[in-house]
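Listed below are the residues making up each chain.
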Amino acid sequence: MTENTRTSLIEKVLAWSTFLTVFVALYLALVYAPTEKTMGDVQRIFYFHVASAWVGMMAFLVVFVASIAYLLTRQANWDIYAYTSAEIGVFFTTIVLITGPIWAKPIWNTWWTWDPRLTTTLILWFLYLAYGKIRLAIGEEEKKARLAAVFGILAFAVVPVDFFAIRWWRTMHPGALVTSNGIALAPDMMLAFFASLFAFTLLYCYLMMRSVRIERIKAEIRLLKEGMFN
Amino acid sequence: MSFIRKVRSLLWKEIRSELQGKEMLSTMIVFSLLVVVVFGFAIDLNKDLMGGVLPGIIWITMTFAGILCLNRSFTAEQQNDCLYGLMLCPLDRSAIYVAKTIMNLLLMVIVEGVTIPLFFIIFNYPGPQQVGLFVIVLLLGTYCFMAVGTFLAALSSATKTGEILMPILLIPLIIPVLLSAVIVTKGSFGLVVSGADLYLKILVVYGVVFTVLPMLLFDYLLEV
Amino acid sequence: MSFIRKVRSLLWKEIRSELQGKEMLSTMIVFSLLVVVVFGFAIDLNKDLMGGVLPGIIWITMTFAGILCLNRSFTAEQQNDCLYGLMLCPLDRSAIYVAKTIMNLLLMVIVEGVTIPLFFIIFNYPGPQQVGLFVIVLLLGTYCFMAVGTFLAALSSATKTGEILMPILLIPLIIPVLLSAVIVTKGSFGLVVSGADLYLKILVVYGVVFTVLPMLLFDYLLEV
Amino acid sequence: MIITRGLIKTIGSKKILKGVDLEIAPGEFVTCFGPNGAGKSTTLKILAMLSKPSGGQVLIDGQDIRENGSTLRRKIGMISHNSFLYDNLTARENLEFYGRMYEVPDLKRRIARLLDEVGLSFATGEPVHSFSRGMQQRLSIARALVHNPPILLMDEPYTGLDEMAKGVLNAILSQLAQSKHTVFLITHDFDQGLEQSDQALILVGGRIAYTCNPRRVKREEFRRHYLELIGGVK
Amino acid sequence: MIITRGLIKTIGSKKILKGVDLEIAPGEFVTCFGPNGAGKSTTLKILAMLSKPSGGQVLIDGQDIRENGSTLRRKIGMISHNSFLYDNLTARENLEFYGRMYEVPDLKRRIARLLDEVGLSFATGEPVHSFSRGMQQRLSIARALVHNPPILLMDEPYTGLDEMAKGVLNAILSQLAQSKHTVFLITHDFDQGLEQSDQALILVGGRIAYTCNPRRVKREEFRRHYLELIGGVK
Ligand code: HEM
Ligand SMILES: Nc1ncnc2c1ncn2[C@@H]1O[C@H](COP(=O)(O)OP(=O)(O)OP(=O)(O)O)[C@@H](O)[C@H]1O
Ligand SMILES: Nc1ncnc2c1ncn2[C@@H]1O[C@H](COP(=O)(O)OP(=O)(O)OP(=O)(O)O)[C@@H](O)[C@H]1O
Ligand SMILES: [Mg+2]
Ligand SMILES: [Mg+2]
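Residues numbered from 1 in each chain as written. Chains lettered and ligands numbered in written order. Predicted model: local features only at pLDDT ≥ 70, side-chain atom pairs only at ≥ 80, totals over all residues. Heavy atoms only, no water.

**With respect to the pattern of salt bridges**
Here is the rule we go by: A pairing counts as a salt bridge when a side-chain nitrogen of Lys or Arg comes within 4 Å of a carboxyl oxygen of Asp or Glu. The helix count covers DSSP runs of H or I at least four residues long, the strand count covers runs of E at least two residues long, and both are numbered beginning at the N terminus. Buried residues are those whose accessible area, probed at 1.4 Å on protein chains only, stays under 20% of the maximum for their type, while exposed residues exceed 50% and partly exposed ones sit between those limits.
As enumerated under the stated definition, the model contains 51 salt bridges over all chains in all. The shortest N-O distance in the salt bridge between R223 of chain D and E220 of chain D comes to 3.8 Å. Taken as a pair, R223 of chain D and E220 of chain D lie in helix α8 (residues 219-233) at a separation of three residues, close to a single helical turn. R223 of chain D gets classed as partly exposed once you look at its relative accessible area, which sits at 25%. Its relative accessible area of 53% is what places E220 of chain D among the exposed residues. Because the salt bridges share partners, they merge into one network encompassing R74, E142 and R146 of chain A together with K52 of chain E.

Quick look at the structure:
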């Protein structure tokens, strides 16, 4: 038994607080927040849509930072951070890509258009899928980590475009919520929005902790196996 | 400078082995012409609409011709493990990257020079209104494509899946470039597109990013 | 029968080495999805025009995915000169052709099964009116493509230029097939096209020709 | 039995074989020596029906290879410079595949025996691309023997083999010789090559320059001959 | 001078090298033997900086390869299983290219001399893909020597060479040994390997199992040791 096989106290606390905040956020988003005038109840997707988009991009930022750190320090830990974060980022981006079209259908009367925002979000998803494919295509641990890190840095070049797409030019997709003029949301909606953002961020942290621990256990098992057969 | 001399020798080797031995260039030209023909009948639109579609067609064709070009770009290195031979040499790894990029750019520019005028003839389109802008966006887009493409070709040649992996790494990374290039090209055709100059700026930014990042990262890529 | 047994063994070998080792399938699916995305923004048209363009887009995408698939189809044979190993065996050369064609067809059909429904969703098109006809033309067109494509892949793998040569041999040969397939597909979309059934007949004829000729010629191709 | 008459091979304007006349009796063990670039591998490839002669005739068991190629193939096993092994398949899968191509009966058992013989039973499940050079060569030997061919054509089969594996190959060869298999061996190693052979050839510049029975000729004398012949060429 | 300390290499869950400690003095000629799959080529690749050790340290001329890789590369010449030659370039073009990469002065003359030495002057203008195996190996030797490296790493360099070319290689090696070049040679051939070497190693299962001075140990004794060691493993 090593420390990795035990769930640490922080992880337990995190698990419970995530559970609770998600619950609260769900309540605030689905019940407490007022119904939007023109769009109706569909607008409630907003709280999950935007929160998961932000958390997804943050996850890719973590991939970027961890990849740089890996190339500089060569500690396997950074590699583990990078690819767990990539996996979780893909997960959240998938949520955006599911909630977006569900929202779009009633509002724009189409599932999809080739708006820069939607296009870049979609390719972000493909990019980090490709990131995973690189890992699958390489056998050697060190090389796998190194090439994936290189790609993780390069791939981040698309994230700012996605983020700034709506800020740079007019798109079909709604413009920025947070601008230099403050936040364009009714106070009740704002509460619900920040609650769900907080909940999703906590969820991200919890998933990260858990997956990192599991990856470490896997690495340990590999080591044990080596010890056994040699 | 030693760096430039080595890039020149590498380029000489590239040109000797690719161009002479394999007739890469003529094949690529024929390939892009054929793609044009396929488009020609698969998508037949009347002239009014053509202006809106032609930029897309041009860039899609260049993307496929470029992928073909990139796929070949490291195969010579894989025969007899020549890449190991290169790695053995006391040379800045980025020299390899620079030489390969120049080679690929050269090929693509020649292909474009031949095929794009033919595009206008085949599709019976009068040609861009702003020729200068058109040429600039063509060169800039091609540069971005090859700068990041060569890098990714090197990356995927180091994996087992190799050339089948390369396009799926490249296409998503290059889509913002293509997106911008298509819009600016439309602008150069005189079709009113809002924010075309912004897209040109994006292209420039990508050009810079895709020059700096590969130069920084290439050493890590070919580390051992 | 010995022939069928050998085809089965060859197919088993194909599947073992290509699918397991290299994740060909998933990569091809991702690739064709990406191609769709590129088309999506490069050529974005309003819905009325989409019906006229979508068949072309579908077939062009399948052409590129198919070329990718064909390119890989003889590379395993070239490592360690495995093709010589096969030639050494007392086996009907056409068995190699049949097995490779089946393998390629399988891959393509799976790719199409995944991507084409997504085409309709992404391009926001309601789907073909005559689904039966649509499926038939899809299968028939893919069969023609792979029947002649596998043959040409074998041919070009025997040359030095290899995979860069293949598309320029294939595309001109396959253009009549694509042309007919696009028209019949348009027909299946309920767009009135005159003589769509004639084109279907042409497809059938090509299917027969591209089955008989390669079977007859494959022995000569791999003679020694 | 292998007979060639006036075998010629030209590539471009280069004459690689300039009339090779071979006569190998059934069950004979023939070794072929010669300087680099003499045309040994080219000859072997023609015998294995992997390359077409530009002129001349090849008879195997009395049948012309141009007419009876497909039936004759079953009789031939070949080891070449390249291993003919699929990198992504495991050792066992490779042998299974080739075994099925030759329709070998009781394949499982035969494969297990062969892998044991060449000393690879510990790596049967590993993909060939992870094998060391010698391991690939060992597997290549097993591959060539999988259908127990009466005729064996071998191009420098000792390449990359360690002392142990060389012994194994020698044992296999002498066993084949005893059980009346025909062997055509190309090598640069006089010791290994002359040991078991009934006939030794020296090929120089696309022609057979010397033939002898190595049992009657001393090794030193043979070497002297060889060096003389080479000196005469370059 | 080459020193390795506790060299480890793992691929996946496979331990290929399990702690190799080498010490090669400047100008020393070291030969490495070992059964197939022992890890010889892997060790050589690490010394040539073509593969990264998973653990341990390598010092060349007192400098760690992790830090001074680029300057150390100039000192190393390597012959591997693969020729590192461009198939589409001619023999001369290949040497020219590599020569320029090492910035060899007076390149033209050096290439002419090397090609003459390895006996390829008659084929300088032909593309490498038309070369026979032995000719490629000869050219590969010339390639490794083009920048006159003080350290030579060679993985089975005798492969495919004819009697004449083996003699040439031996002459080159003894000349290098005299002019204080460091040589690390991997081979399966006891005769060729033990002849000139100052130190002989046997690598078994990723560990150095035996070291000796071959001038003091008889060839037969060495072979006995070797077979004993192998027997002990498999
Ligand atoms: C169809 C697919 C869609 C995708 C892929 C998508 C993607 C995204 C992404 C990535 C973000 C966060 C980025 C950021 O805030 O900078 C975002 C934010 C947002 N989305 Fe969407 N979206 C889609 C559809 C929709 C629809 C139909 C609506 C409503 C009409 C909508 C409304 C919003 C709003 C209001 C924001 C917050 C904007 C901000 O604060 O920046 N989205 N979307
Ligand atoms: N494809 C080709 N094109 C032109 N010349 C070729 C080709 N293949 C072989 N040759 C030439 O044919 C000659 C004989 O080659 P071959 O491989 O048969 O030699 P070998 O006797 O096996 O030599 P080695 O001992 O080096 O293996 C060589 O001079 C070679 O250059
Ligand atoms: N990419 C790889 N993946 C997994 N295992 C590998 C890989 N490369 C080499 N090995 C294993 O490493 C071991 C040592 O290989 P290496 O090539 O160093 O052997 P060697 O001593 O040179 O043998 P030989 O005498 O046959 O050339 C072998 O058992 C081989 O299976
Ligand atoms: Mg040979
Ligand atoms: Mg080795």
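**Considerations on the site of ligand 3**
Put simply, the rule reads: Throughout, the term near means that a residue has one or more heavy atoms lying within 4 Å of the molecule or strand in question. Under the rule applied, a polar contact is a pair of N or O atoms within 3.5 Å (in protein, one hydrogen donor and one hydrogen acceptor; residues adjacent in sequence only if both atoms are side-chain atoms). Computed with the Shrake-Rupley method and a 1.4 Å probe, the accessible areas treat only the protein chains shown as cover for residues. Polar here means any residue outside two lists: the nonpolar Ala, Val, Leu, Ile, Met, Phe, Trp, Tyr, Cys and Pro, and the charged Asp, Glu, Lys and Arg; Gly therefore counts as polar.
Surveying the vicinity of ligand 3 reveals 18 residues, the closest of which are S130, S132 and G134 of chain D together with S41 and T42 of chain E. Within the backbone of G134 of chain D, a nitrogen or oxygen atom sits 2.7 Å from an oxygen atom of ligand 3. A distance of 2.6 Å is found between an oxygen atom of ligand 3 and a side-chain nitrogen or oxygen belonging to S41 of chain E. The protein chains hide 85% of the 640 Å² of surface that ligand 3 would expose on its own. For the shell around ligand 3, the secondary-structure elements that each account for two or more residues are α5 (133-145) of chain D together with β2 (14-24) and α1 (40-47) of chain E. Among the residues making up the shell around ligand 3, the classes are represented as four nonpolar, 10 polar and four charged.

**Focus: the site of ligand 2**
Around ligand 2 sit 18 residues, and of these S41 and T42 of chain D together with S130, S132 and G134 of chain E come closest. In this structure, ligand 2 is bordered by residues of chains D and E. In the environment of ligand 2, a nitrogen atom lies 3.1 Å from a nitrogen or oxygen atom belonging to the side chain of K14 of chain D. Interatomic distance of 3.2 Å between a backbone N/O atom of A38 of chain D and an oxygen atom of ligand 2. Expressed as a share of its isolated accessible area of 640 Å², the protein-covered part of ligand 2 is 84%. Sorting the residues of the shell around ligand 2 by element identifies β2 (14-24) and α1 (40-47) of chain D together with α5 (133-145) of chain E as the ones contributing at least two each.

**With respect to the pairing of β2 of chain D**
All names here are of chain D. The following threshold applies: A pair of strands is considered paired only if DSSP assigns at least 2 bridges between the two.
Where strand β1 (residues 2-11) and β2 come together, eight bridges link them in antiparallel fashion. In the sheet register, T4 faces β2, and the bridge partner there is L22. Counted between consecutive antiparallel strands, the loop separating β1 from β2 contains two residues, among which G12 sits at a positive phi close to 60 degrees.

**Looking at unusual backbone geometry**
Its identity as a non-glycine residue notwithstanding, D61 of chain D has a phi of 50 degrees, on the positive side. Given a relative accessible area of 35%, D61 of chain D falls into the partly exposed group.

**Some points on the interface of chain B and chain E**
Counted only if it meets this: Should any heavy atoms of two residues lie within 4.5 Å, those residues are counted as being in contact. As used here, buried area is the combined drop in accessible area, with a 1.4 Å probe, of two parts when they are placed together.
At the junction of the two partners, chain B supplies 27 residues and chain E supplies 27 residues. Summed over both sides, the interface of chain B with chain E buries roughly 2,700 Å², with 61% coming from carbon and sulfur. The salt bridge partner of E103 of chain E is K6 of chain B, with a shortest N-O separation of 3.4 Å. At the level of elements, α1 (2-22), α4 (75-78) and α5 (82-88) of chain B are the ones that each hand at least two residues to the side of chain B that touches chain E. At 10 residues, the largest contribution of residues to the side of chain B that touches chain E is made by α1 of chain B.

**Quick word on helix α2 (residues 65-73) of chain E**
The criterion, for reference: In this description, the arc belongs to the directions extending from the helix axis to the C-beta atoms.
For α2 of chain E, the full list of buried residues reads I65, G69, L72 and R73 of chain E. Buried residues of α2 of chain E, viewed axially, fall in a sector of 105 degrees; they line one side. Away from the buried face of α2 of chain E by more than 90 degrees, exposed residues E67 and S70 of chain E are located. On its buried face, α2 of chain E is in contact with α5 and α6 (93-122) of chain B together with α1, β4 (55-60), β5 (63-64) and β6 (76-79) of chain E. Among the residues of α2 of chain E, the N-terminal cap falls to D64 of chain E, whose side-chain oxygen and the backbone nitrogen of R66 of chain E are separated by 2.8 Å.

**Considering the sheet that holds strand β3 (residues 29-33) of chain E**
Residue and element names in this part refer to chain E. This is how it is decided: Lines fitted to C-alpha atoms define the axes here, with helix axes fitted over just the stretch in contact, and angles between the N-to-C directions of these axes take values from 0 to 180 degrees.
As summarised here, the arrangement of the six strands in space is β6-β7-β8-β3-β9-β10, forming an open sheet in which the pairing is mixed. If you trace the sheet from one side to the other, it starts and ends with β6 and β10 (207-212), each paired once. Along the sheet, successive strands turn relative to each other by an average axial angle of 15 degrees, direction set aside.

**Digging into the pairing of strand β3 (residues 29-33) of chain D**
Residue and element names in this part refer to chain D. Of all five residues making up β3, five are buried, and the element is well covered by its neighbours. Of the two faces of β3, the one carrying F29, T31 and F33 and the one carrying V30 and C32 are both buried. As paired strands, β3 and strand β8 (residues 182-186) are joined by four bridges and run parallel to one another. For V30, the partnering residue across the bridge sits in β8 and is F184.

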